[in-house]
Amino acid sequence: MEGFQNIDIEVPDGLNPELVALGWLVGSWEGSGNGTDHEGNDFTFEQRIEFTHNGGDYLFYVSQVFGMGEDGKFDQPLGMETGFWRPKRDASVEVTLTNSDGWTEVLVGKIQVTQISLLTDAVVRTEGAAISHTSGQRLYGKVEGDLMYALDRSTADHELRPHMWARLVKQ
């Protein structure tokens, strides 16, 4: 198709046809990033994200974030997320994520070839949630073959602001 010659879209073997719009995400991604915690302190982190499929009409997602330990190695667990990504025929997407800090978040958004923008639709927190997360927005994109993202978050204590951003390389 004219105008689409330079678009880098991958369709993994065995991928459910309903998932083609998210096919470029499938795989393992690793890299480092930066962030600002809920108290306004800056931090660096290492992250591993994996998107997998099993033939269903969703991608399964898991993310692990590690901070730097006293030995200077990224080995201190900072958090983990797991969830499901469901694309729709109208190029929208629904994402359900559960975070190890004690909340589940539902996000909705749009897929624009190799860019995905998401906004929080709902958040449910446990009584013991580590942070009073209330809403967020995320932007994911494929740039020069890498997965780049930015995650903004609001809590009961502050308005929406940048929280984490990273560039991850496909493994």
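Each remark here, short or long, concerns the structure printed above.
Description of the structure in this document. (Residues numbered from 1 in each chain as written. Predicted model: local features only at pLDDT ≥ 70, side-chain atom pairs only at ≥ 80, totals over all residues. Heavy atoms only, no water.)

The subject of this paragraph is the overall build of the protein chain. What the protein chain contains, in helices and strands, is zero helices and 10 strands. Listing each helix as α and each strand as β along the protein chain from the N terminus yields β-β-β-β-β-β-β-β-β-β. For 171 residues, the compact-globule estimate of 2.2 N^0.38 gives 16 Å, and the protein chain sits close to it at 16 Å. Summarising its shape, the C-alpha atoms of the protein chain cover approximately 50 × 35 × 30 Å along the three principal directions. (Helix = DSSP H or I, 4+ residues; strand = E, 2+ residues; numbered from the N terminus. Rg over C-alpha atoms; globule rule 2.2 N^0.38 Å.)

The strand order β1-β2-β3-β4-β5-β6-β7-β8-β9-β10 describes a closed barrel built from 10 strands, whose pairing is antiparallel. Each strand axis lies, on average, 25 degrees off the axis of its neighbour in the sheet, ignoring direction. (Pairing = 2+ DSSP bridges. Axes fitted to C-alpha atoms, helices over the stretch in contact; angles between N-to-C directions.)

Mapping Ser28 onto the fold places it in strand β1 (residues 27-36). C-alpha separation for the pair Ser28 and Thr96, spaced 68 residues apart in sequence, amounts to 19 Å. Ignoring anything within four residues of it in the chain, the contact list for Ser28 reads Ile49, Glu50, Val169, Lys170 and Gln171. (Contact = heavy atoms within 4.5 Å.)

Okay, the pattern of salt bridges next. Scanning all chains against the criterion turns up eight salt bridges. The salt bridge partner of Glu46 is Arg48, with a shortest N-O separation of 3.6 Å. The partly exposed category is assigned to Glu46, whose relative accessible area is 24%. In this structure Arg48 comes out as partly exposed when scored by relative accessible area, which is 32%. A salt bridge links Glu81 to Arg138; the shortest N-O distance between them is 2.7 Å. Taken as a pair, Glu81 in strand β4 (residues 74-87) and Arg138 in strand β8 (residues 133-143) lie far apart in primary sequence, 57 residues in all. Each of Glu81, Glu105 and Arg138 takes part in a single network of salt bridges with overlapping partners. (Salt bridge = Lys/Arg side-chain N within 4 Å of Asp/Glu carboxyl O. Buried < 20%, exposed > 50% of the residue type's maximum accessible area, 1.4 Å probe, protein only.)

Glancing now at the pairing of strand β3 (residues 59-68). Burial within β3 is extensive, with seven of its 10 residues counted as buried. Examined bridge by bridge, strand β2 (residues 42-52) and β3 share seven bridges and lie antiparallel to one another. Note on β3: the bridge partner recorded for Gln47 is Val65. Count of turn residues in the β2/β3 antiparallel hairpin: six residues, of which Gly55 carries a positive phi of about 100 degrees. Inspection of the sheet shows β3 paired to β4 by 10 bridges, in the antiparallel sense. Looking across to β4, one finds that Tyr61 is bridged to Gly83. Hairpin geometry of β3 and β4 is characterised by an intervening segment of five residues between the two adjacent antiparallel strands and by a positive phi of about 85 degrees at Gly72.

In this section: the packing of aromatic side chains. Applying the stated criterion across every chain, the model contains eight aromatic pairs. Between Tyr58 and Phe84, the ring centres sit 5.4 Å apart and the planes meet at 80 degrees, which makes this aromatic pair edge-to-face. Here Phe84 lies in strand β4 and Tyr58 lies in the loop between β2 and β3, a separation of 26 residues in the sequence. An aromatic cluster is defined as three or more aromatic residues linked by ring pairs; in this entry it consists of Phe51, Tyr61, Trp85, Tyr140 and Tyr149. (Phe/Tyr/Trp six-rings, centres within 6.5 Å; stacked < 30°, edge-to-face > 60°.)

Two elements, β1 and β2, share 10 bridges in a ladder whose sense is antiparallel. What sits directly across from Gly31, in β2, is Gln47. Counting the residues in the hairpin turn of β1 and β2 gives five residues, including Gly40, whose phi is positive at 90 degrees. By the bridge criterion, seven bridges tie β1 to strand β10 (residues 158-170) in an arrangement that is antiparallel. Within β10, the position partnered with Trp29 by the bridge is Lys170.

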